[in-house]
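Spelled out from the first residue to the last, the chains are:
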Amino acid sequence: MNRGTNLSSLNACFLLSVCLLASPSGSSSSSSLWGQKAHFRLRPCLWELKPGTVVPPLRDLTACLLMRRAYDTEWTAFVYKAPGRKHVELGIGGTGAQLLVRIFGQEWHLDLELKVHQWYSVCLTWSGESNRLQLFVNGTMVNEASLSDAYARRRLAPNGTLTLGVSHYVDASGYVKPEEGSNLLGEISQFRMWARAWNNEELRGCSCADGDVVIWDQRQWKYNCSPEEDANLRCAWSSFKLRMQTAFTSTNQTENCSESMKEITRQWLENIFPLGISVSDVSVHSSASRTCDAQPPQVSKAEPTTTCNKSFSAEVDILVDPASSVEVVQASISSTIFFNDPFDMVVEPNSVRVLPVVQPDVFLRVSLQLNLTGSAAKPEEIIEHWLKETLEVNRTAHVLNVVIEDVARRSPEGFNAQMRFQAQPKQYKCDFHVQDHAASQIEEILYFINATLTLKYEYENGSVVIQSTDLDLKQIFPRNCAEELMSTIYGEYIWPETFPQIDQMMGCRKPSWARAFRLCELHIENDTTSWAQPDMTRCTPLDLENITVTTDNAAEVVDIIQGLVNATLGNATQIPPSELNTVVEKLNQVVNVTTVTPTLGDNIVRIFSDILVSETDVAPVAVSVLTLTDKMGNTMDFPNESLSLTAPSLALSMIDVDPQGFEGLTFSAVSVSSFTEPSVFVNQTFEGKPIQEANVTISLPSALYNFLPPGKGNKTRVHFQFYGTQDLFQDPDTADARTQSNLLLNSFIVSASINGSHVSDLDDSERVVITLHHRQAKRPDDTVLCVFWDFQDNGGRGGWSSTGCETRTLSPDRTSCLCEHLTHFAVLLDVSRTPVSEGDSRILSVISNIGCGFSAIFLGITLVTYLGFEKLRRDYPSKILINLSSALLGLNMFFLLDSWLSSFSDYSLCIFAGAALHYFLLASFAWMALEAVHMYFALVKIFNTYVSAYILKFCAVGWGVPLVIVSLVLVIDKDAYGDTHYAEAAAKMSSNYQFCWLQNDIVFYVAVVAFLLLVLLSNGSVFVVVLLKIRRMGVDRKTSSGGRGALRELRAVAGLTVLLGLTWLIGFFSFGPGKVAMMYLFVIFNTLQGFFVFLFHCLMKEDVRKQWRTHLCCGDRSDCSGAAGGPRGKENLIKSGSSVKDTSIRNTSESEDGPENRQGA
């Protein structure tokens, strides 16, 4: 069904109702109540639904009736109650000023007055699927409500009791009795109920259709006061369509089978139709296989016969004179159509459909020439008044589209002659349309118009006389306005197919009770029709997210957005994120679906300006906004060569240049602050020198003509943008309220782009020159850097990069940038209070690399020594030292390789490098902590106590705990590893330096700083305890020289400091005025930690030297005996800080492991 057409909803109603009228059991002219009414007076009158009438459990329904009140009292239209229930299942009632709707025991009171002595069409619809109740009065929806979820999909109680004009109850005997107190004093007619919920368009077509559940027929109603005739309640048409399923079966002569079914049907109907019903046209369509099968004779064996069977659907146009209602025509046809023996026609009863045909109005085009005599100030108004007064006298015709032209004014000669002879009649030519809806014959209409317009007309007692001189009448047949889907800010509307000059009405989406109108307009220029602009003034715009943007409503959408932004920022300091996303999305749709005009573009720029100067967080939509403004600038349509749009904190300039004559372009902007509207200047030459008063200047050299592809009209669009705020350019590396970065965006932002061209890799002679004024003056120690906005940085969120740009500081307040590409440009400033100079940074980098390399070599020697000499690795201290040296070697190696690995720009490889560096850092500190634990056990806490799998447990902690921490980081957020924010910023400053490390501050402080600080604090405590222990041992021991004893204690302290990693504490004191000095100490001591391990625990250790001497003497122990030193007691083992530890731990280990470890002593 085409729900948009005027006739379709009418057809839908009749398709449902006419089956009841068509079937043998359907209504007849004697039982139908159409054209009759129930009149409720003061005496009791009860109309009830007959008990045998079946009301099914309806999930969807529509109930309609006509009613007229005679007195202004409380009233009831109808009440339907479930069997055995007291509450009203469905009903309508009210008072003088209110209307009451009831459903499922719920009530709605509406402020709506139904005036007395006036007929009203009242319809109630319920949709269980959508849980929606609607009320229509005279075709207009006056209320729409949704019930609670408890009523969703609820069905009407079946087989209940229904009364008209009064409420009721069922007594003990099962009889329906009226409930007095709210009786209707008035009339009711045409109560019908359907098993579906009609919409307002469909209801308009159902005004003369019977229901499919309850019909307006005597067979369904029981009453104690008889119905009264009322001719005004009948629906009459003169044209109908009859549709039916028909079969032709003939056992007569064979030639009947070859005849046309169309002709046979016409002859049959013309023969059976009563007087007053005639056949206009017949069409038939095969609905089953046609068969003409020869059958053996059954009746007479002497004469062969042929049986012909044909099944088809027929559609017949019929005319009824006089016009009559559907039920009368239906009853008349039904009484004759089934008695057709002479024609052997069989009609399926349930297939019969009788539908009224609404005839369109008659339209004529009238061309008229006339003379007007007399003095008239406004002759055109007098002529139009004459036409309408004479032709609209019977109110069935309307004069439309009147066009009046003064013939004399078209020729100078005629005009001059008329000026000389004022008494001469003036000649006028008129063209207009006449619309007649009286359904008269065309000949009658033509005769009436011709006779009326040829008569002389006198205006105001003959002061003006009009006499037609030539008249041309022509009937025209304008087409209907086709169904059209229209998307507006008020919602989507499907305007149905509509006759010419009909003002179509539709319900507004919001509010639901209001109405929108649209005229199917007939045009005088060419006698064609088209939809006029809709009248939506009574409707309210939808919520922004529900509006579909089209070319037609784009400007309205922008106006709505501007109003929304103004209203929101008028009551708050920022736009909520969800609303901001909707605003940007809809503006993107506007730019994508329509050609942006200067006016539309200016409105969009001002919307973004209002958002940017507020406190709204625009970072989530920054990429969308920048893309939108760029596309808008490249596609905007404007008449002149250039156009500039400005608003506070924002400016766009567009210029169409000729590639052949391109001599460069310079754009500059002057802005006092982010809250003022900037002034922009465009010069079609290259200005290499800075413009003093400008905040930003960007100059494109003439060499860029190679990048200027010819566009529309051989012109190329160059587009400049200025931003007086950094809100759209939020990089984690720059300082703001949320970060601790030392990098500050120190200028406004300017950009340039060439439509249809990607400009990059320019030569030195072709580079773009950008001059930017500093917002904060540069201090002597500050570093200034020219940067551009890289849209691919930070996972597609964008970030600042200096690649391809050269920085030239012109003064403390101005910097010049020379860049090899086009995009958004700005200046970054390092605002650290105690900056590290570039020279110090390079020196520290060199020391780090040399120190780590030096340590890696000696850590390798240490590992070779302890792993190569079996006697050196028998005790626990040596085994712990081997693990510590391995962890430190891994840390130094991955530190040296990190920059090289990151240079491959492989994200996975960078994650691996960062994770490996993190792991070996944690492992190194874990083994430093285990060194401290072992010292504490050996010297302070536990003596001569056996611990099973001692080293194995240490290995599980020393290598396992770091592995768990790194694994957790990878599982929680593998992207935590990569180019760090600060390292990445450094990479942007110097493109040849990159570093893979933790980039998440939270992870860094939890998984690195907290772990290191915990280890260092624990090791520091053990260090103090061990020092005290060594001191007591030194006091008890007799020494030959106090100086040598002090030296041994100093070595012990240094050795312990290296093993416990206490030099890393320097990093926590690298701030303030001594920051640089502390950084040098930190780098020197910690990068050389591996060398110090070799120095104190390999080179200066007697046992190690003894093993090397033995090995270098090729096994000749006699030559080495002197060097070996002979047997010593335990008291002579204290030769260094590590000897103290080794002696004490060895004492413990000897008691634990027996002879093997004692041999190692």
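In what follows, the accompanying structure is described. (Residues numbered from 1 in each chain as written. Predicted model: local features only at pLDDT ≥ 70, side-chain atom pairs only at ≥ 80, totals over all residues. Heavy atoms only, no water.)

1. Some remarks on the overall build of the protein
Helix and strand counts for the protein stand at 27 helices and 47 strands. With 1161 residues in all, the protein has 47% of them scored as buried. On the protein, roughly 54800 Å² of surface is accessible, and the fraction owed to carbon and sulfur atoms is 54%. (Helix = DSSP H or I, 4+ residues; strand = E, 2+ residues; numbered from the N terminus. Buried < 20%, exposed > 50% of the residue type's maximum accessible area, 1.4 Å probe, protein only. Areas by Shrake-Rupley, 256 points an atom, 1.4 Å probe, with all protein chains shown as cover.)

2. Remarks on the side chain of glutamine 190
Looking at where glutamine 190 falls in the secondary structure, it is placed in strand β14 (residues 186-194). Looking at glutamine 190, the relative accessible area reads 2%, which means it is buried. In this structure glutamine 190 touches Trp34, Cys64, Leu65, Leu66, Ser207, Trp216 and Leu233, once residues within four positions along its chain are discounted. (Contact = heavy atoms within 4.5 Å.)

3. Quick look at the sheet that holds strand β44 (residues 814-819)
Strand order in the open sheet made by the 6 strands is β35-β34-β36-β40-β44-β43, with antiparallel pairing throughout. Edge positions in the open sheet fall to β35 (679-683) and β43 (805-811), since each of these has one partner strand only. Geometrically, the sheet is characterised by an average inter-axis angle of 15 degrees between neighbouring strands, direction not taken into account. (Pairing = 2+ DSSP bridges. Axes fitted to C-alpha atoms, helices over the stretch in contact; angles between N-to-C directions.)

4. Topic: helix α9 (residues 442-453)
Along its 12 residues, α9 runs 17 Å from first to last C-alpha, staying within 8% of the 16 Å computed at 1.5 Å per residue. Inspection of α9 places Ile445, Ile449, Thr452 and Leu453 among the buried residues, and these make up the whole buried set. The buried residues of α9 occupy an angular sector of 90 degrees when projected down its axis, which confines them to one face. Looking at α9, the residues exposed on the side facing more than 90 degrees away from the buried face are Glu443 and Tyr447. Looking at the buried positions of α9, the neighbouring elements they touch are β22 (362-374), α6 (379-391), β24 (426-436) and β26 (464-476). (Expected span 1.5 Å × (residues − 1). Arc of directions from axis to C-beta.)

5. Re the sheet that holds strand β23 (residues 397-406)
On the basis of which strands lie adjacent, the open sheet formed by 5 strands has the order β23-β24-β22-β26-β25 and antiparallel pairing. Two strands in the sheet have a free side with no partner beyond their single neighbour: β23 and β25 (457-459). Looking at each pair of strands side by side, their axes are set apart by 30 degrees on average, direction ignored. Bridging between β23 and β24 involves 8 bridges; their strand directions are antiparallel. Bridging from a neighbouring strand, valine 399 pairs with valine 434 of β24. Each of β22, β23, β24, β25 and β26 is contacted by α6, which is oriented at about 155 degrees to β23, the strand it contacts most.

6. Structural notes on the packing of aromatic side chains
Taken as a whole and assessed by the stated rule, the structure comprises 36 aromatic pairs. Taking 6.1 Å as the distance between ring centres and 85 degrees as the angle between the ring planes, the aromatic pair formed by tryptophan 194 and tryptophan 198 counts as edge-to-face. Side by side, tryptophan 194 and tryptophan 198 carry an identical accessibility label, which is buried. Where tryptophan 386 meets tyrosine 457, the ring centres are 6.2 Å apart and the plane angle is 35 degrees; that geometry is what we call tilted. With tryptophan 386 in helix α6 and tyrosine 457 in strand β25, the pair connects residues that are 71 residues apart, well separated along the chain. Taking relative accessible area as the criterion, tyrosine 457 reaches 12% and is therefore assigned buried. Clustering of aromatic rings is evident, with ring pairs tying together Trp47, Phe78, Phe191, Trp216, Trp221 and Tyr223. (Phe/Tyr/Trp six-rings, centres within 6.5 Å; stacked < 30°, edge-to-face > 60°.)

7. Some points on the side chain of serine 614
Mapping serine 614 onto the fold places it in the loop between α12 (598-612) and α13 (622-635). Leave out the neighbours within four places in its chain, and serine 614 touches Leu569, Thr573 and Asp727.

8. Some remarks on the state of the cysteines
Overall, the coordinates contain 7 disulfides when judged by the stated rule. Here cysteine 45 engages in a disulfide with cysteine 225; their sulfurs sit 1.5 Å apart. Taken together, the positions of cysteine 45 in the loop between β1 (36-40) and β2 (47-49) and cysteine 225 in the loop between β15 (221-223) and β16 (228-229) put the pair 180 residues apart, joining distant regions of the chain. Paired by a disulfide, cysteine 508 and cysteine 539 hold their sulfur atoms 1.9 Å apart. Its torsion about the S-S bond being -65 degrees, the disulfide of cysteine 508 and cysteine 539 is classed as left-handed. Linking cysteine 508 in the loop between β29 (503-507) and β30 (515-522) with cysteine 539 in the loop between β31 (529-531) and α10 (554-571), this pair joins segments that are 31 residues apart in sequence. (Disulfide = S-S within 2.5 Å.)

9. Considerations on the pattern of salt bridges
The final tally for this structure, using the stated rule, is 28 salt bridges. For arginine 538, the salt bridge is made with aspartate 535, and the minimal N-O distance between the two is 3.2 Å. Judged by its relative accessible area of 45%, arginine 538 is partly exposed. Residue arginine 1105 is joined to glutamate 1102 by a salt bridge in which the shortest nitrogen-to-oxygen separation is 2.4 Å. With arginine 1105 and glutamate 1102 both in helix α24 (residues 1102-1112), this residue pair falls 3 residues apart, about one helical turn. With relative accessibility at 31%, the residue arginine 1105 sits in the partly exposed group. (Salt bridge = Lys/Arg side-chain N within 4 Å of Asp/Glu carboxyl O.)

10. Side note on a nonpolar patch on the surface
A grouping of Met893, Leu896, Leu897, Trp900 and Phe904 is seen on the molecular surface, where their side chains present a nonpolar patch of about 470 Å² in accessible area. In this fold, phenylalanine 904 is placed in the loop between α16 (876-902) and α17 (907-941). (Patch = residues over 30% accessible without salt bridge, like charges linked within 9 Å, V, L, I, M, F, W, Y side chains within 5 Å.)

11. A closer look at the packing of helix α11 (residues 577-593) against α13
Where α11 contacts α13, the axes come no closer than 10 Å and their chain directions differ by 20 degrees. Relative to α13, α11 is oriented roughly parallel. Remark: the crossing between α11 and α13 carries left-handed chirality. Taking contact as the criterion, the partners of Val584, Leu587, Asn588, Val591 and Asn592 in α11 are, on α13, Ser624, Val625, Leu628, Lys631 and Met632. The residue inventory of the contact of α11 with α13, partitioned by class, reads 6 nonpolar, 3 polar and 1 charged. (Parallel < 35°, antiparallel > 145°, perpendicular 65-115°, else oblique. Left-handed = near helix turned anticlockwise from the far one by under 90°. Nonpolar A, V, L, I, M, F, W, Y, C, P; charged D, E, K, R; others polar.)

12. Re the packing of α10 against α11
Interaxial distance between α10 and α11 falls to 10 Å at its minimum, and their mutual angle equals 160 degrees. Comparing the axis directions of α10 and α11 gives the class roughly antiparallel. Where α10 crosses over α11, the two elements pack in a sense that is left-handed. Taken together, the residues of α11 that come into contact with α10 (itself represented by Ala554, Val557, Val558, Ile561, Leu564 and Thr568) are Glu579, Val583, Lys586, Leu587 and Val590. Class assignment of the residues belonging to the contact of α10 with α11 gives a composition of 8 nonpolar, 1 polar and 2 charged.

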